[in-house]
Amino acid sequence: MDYEDSSARLHGILSRINALMIFMIYFKPKTNKLNDVLTKDPRLTRFDVLGRALTSTFIYSYKVQDQVSCIVFIDSDRKLLITVGPNDVRTQKLITDEDAVNLLRSLVMRGKNVIEDIDYQEVLRIIHSAGYRMYYLHEGGELLQCLHKGKLAFVVCSNIDPPKPHVEHEVFSIGPLPYQVNHVITCINWLYNSRKWCLSSS
């Protein structure tokens with residue numbers, strides 16, 4: 001699949017899911033080998049951390065969130081992009097973090113909403129061009145206390161800091177200390193479900 005085909009596929013996936021919130025999770029496997037991610041004990045590659053992040057993305061107050069989708073970028077010897085929507089979660093009956101790992105592996109094996117060899121910054125550019133306001137979550141950012149109404153994309157990491165977006169973005173944090181990605185996502189979901197909207201549009 002060439003570069004233009006990959007970009008066109010992502011455009012199509014974003015149009016189809018039409019989510020109000022996207023969590024863009026950057027994941028760098030500990031062994032840097034995609035095959036290890038898909039076949040070995042998740043703890044060896046830190047894929048278990050990604051499983052926790054996926055569970056936190058979709059499950060809030062014991063219910064599946066319909067307004068959310070998750071895009072996982074695996075930065076390994078083979079670049080891989082996986083898009084997960086609420087219907088995928090219902091089909092898998094996501095309950096535990098192990099269920100989340102199995103869901104990601106299943107999507108890759110079936111080739112569903114999976115794109116290979118697409119550039120990370122191109123992914124962010126396409127998300128931004130689809131009308132999403134982009135928040136880059138980093139411990140050095142401004143404290144996130146409210147959300148802007150509209151389509152929002154949150155760039156977070158599962159194990160190491162993701163590269164900063166080259167497109168327009170805002171830098172926020174949920175506090176002065178390093179937090180696990182599932183805690184960051186849970187905090188953002190709380191702000192959204194509590195309707196903590198920013199008064200200003202800027």
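To be clear, the structure that these remarks concern was listed above.
Enquirer: Describe the packing of helix 4 (residues 47-58) against helix 6 (residues 97-110), listing the residues and the values that go with them.
Expert: At their nearest, the axes of helix 4 and helix 6 sit 8 Å apart, and the two run at 100° to each other. In terms of orientation, helix 4 and helix 6 fall into the roughly perpendicular class. On the side of helix 4, the interface is formed by F47, D48, L50, G51, R52, L54 and T55, while helix 6 contributes D97, A100, V101, L103, L104 and R105. Here the residues of the contact of helix 4 with helix 6 sort into 7 nonpolar, 2 polar and 4 charged.

Enquirer: With reference to specific residues and values, describe helix 4.
Expert: Taking 1.5 Å of rise per residue, the 12 residues of helix 4 would be expected to cover 16 Å, and the 17 Å separating its terminal C-alpha atoms lies within 8% of that figure. For helix 4, the tally of buried residues reaches 11 of 12 residues, placing the bulk of the element in the interior. Along helix 4, the residues that are buried comprise F47, D48, V49, L50, G51, A53, L54, T55, S56, T57 and F58.

Enquirer: I'd like to hear about the packing of aromatic side chains, residue by residue, with values.
Expert: All told, the structure shown has 8 aromatic pairs when counted by the stated rule. Pairing Y26 with F73 gives two aromatic rings, centres 6.2 Å apart and planes at 10°, and the pair type is stacked. Residue Y26 is found in strand 1 (residues 21-27), and its partner F73 is found in strand 4 (residues 68-74); the two are separated by 47 residues along the sequence. Like F73, Y26 is buried. With 5.0 Å between their ring centres and 45° between their planes, Y135 and F172 make a pair best called tilted. Here the residue Y135 occupies a position in strand 7 (residues 133-143), and F172 occupies one in strand 9 (residues 170-173), the gap between them amounting to 37 residues. Owing to a relative accessible area of 0%, Y135 belongs among the buried residues under this scheme. With relative accessibility at 9%, the residue F172 sits in the buried group. One aromatic cluster in this structure is built from F23, Y135, F154 and F172. The ring of Y132 has K151 sitting right over it, with the charged end atom 4.6 Å from the ring centre.

Enquirer: Report on helix 7 (residues 120-129), specifying residues and quantitative values.
Expert: Of all the 10 residues making up helix 7, 7 are buried; the element is thus mostly covered by neighbouring parts of the structure. The complete set of buried residues in helix 7 reads Y120, Q121, E122, V123, L124, I126 and I127. N-cap assignment for helix 7: the residue whose side-chain oxygen lies 3.1 Å from the backbone N of Q121 is D119. Where helix 7 ends, the next residue or the one after it, G131, has phi of about 95°, a positive value.

Enquirer: Give me the pairing of strand 5 (residues 80-84): which residues, what numbers.
Expert: Burial runs high along strand 5: 5 of the 5 residues are buried. The alternating pattern of strand 5 places L80, I82 and V84 on one face and L81 and T83 on the opposite face, and all of these are buried. Here 5 bridges tie strand 4 to strand 5, and the two strands are oriented antiparallel to one another. Pairing of V72 across the sheet is with I82, part of strand 5. From the end of strand 4 to the start of strand 5, which pair antiparallel, there are 5 residues. Here strand 5 pairs with strand 6 (residues 114-116) via 3 bridges, running antiparallel. Residue pairing in the sheet places I82 in a bridge with V114 of strand 6.

Enquirer: Break down the state of the cysteines for me, citing the residues and quoting the values.
Expert: Scanning all chains against the criterion turns up 1 disulfide. Of all cysteine sulfurs in the structure, the one in C70 sits closest to C157, which takes part in no disulfide; the separation is 13 Å. The thiol of C187 is unpaired, and the distance to the nearest cysteine sulfur, on C146, comes to 12 Å. For C187, a relative accessible area of 24% gives the class partly exposed.

Analysis parameters
Residue positions are given per chain, counting from 1 as you read along its sequence in written order. Only residues with pLDDT of 70 or above have their local features reported here, since the model is predicted, and side-chain atom pairs are shown and tallied only from 80 upward, although totals for entire chains, interfaces and linings are computed over all residues. No hydrogens and no water enter the side-chain calculation; it runs on all heavy atoms of the structure. To get an axis, a line is fitted to the C-alpha atoms, and for a helix only the part in contact is used. The angle between two axes follows their N-to-C directions and goes from 0 to 180 degrees. A helix here means a DSSP run of H or I that spans at least four residues, while a strand means a run of E at least two residues long, and both kinds are numbered starting from the N terminus. Should an angle fall under 35 degrees it is taken as roughly parallel, and over 145 as roughly antiparallel, whereas 65 to 115 is taken as roughly perpendicular and any remaining angle as oblique. By definition in these notes, contact holds between two residues if any of their heavy atoms fall within 4.5 Å. In this count, Pro and Cys sit with the nonpolar residues alongside Ala, Val, Leu, Ile, Met, Phe, Trp and Tyr, while Asp, Glu, Lys and Arg are called charged and the others, Gly among them, polar. One less than the number of residues in a helix, times 1.5 Å, gives the span that helix is expected to have. Type-normalised accessible area, obtained with a 1.4 Å probe on protein chains alone, sets the label of each residue: buried when under 20%, exposed when over 50%, and partly exposed for intermediate values. Aromatic pairing here means that ring centres of Phe, Tyr or Trp (its six-membered ring) are within 6.5 Å. Orientation follows from the plane angle: under 30 degrees is stacked, over 60 is edge-to-face, and everything else is tilted. Here, over-ring charges are defined by two tests on the NZ atom of lysine or the CZ atom of arginine: distance to the ring centre within 6 Å, and angle to the ring normal within 35 degrees. Here a polar contact is taken to be a pair of N or O atoms separated by no more than 3.5 Å, where protein atoms must pair a possible hydrogen donor with a possible acceptor and residues adjacent in sequence count only if both atoms sit in side chains. Strand pairing requires that DSSP identify at least two bridges connecting the strands. Cysteine sulfur atoms are paired as a disulfide whenever they fall within 2.5 Å.

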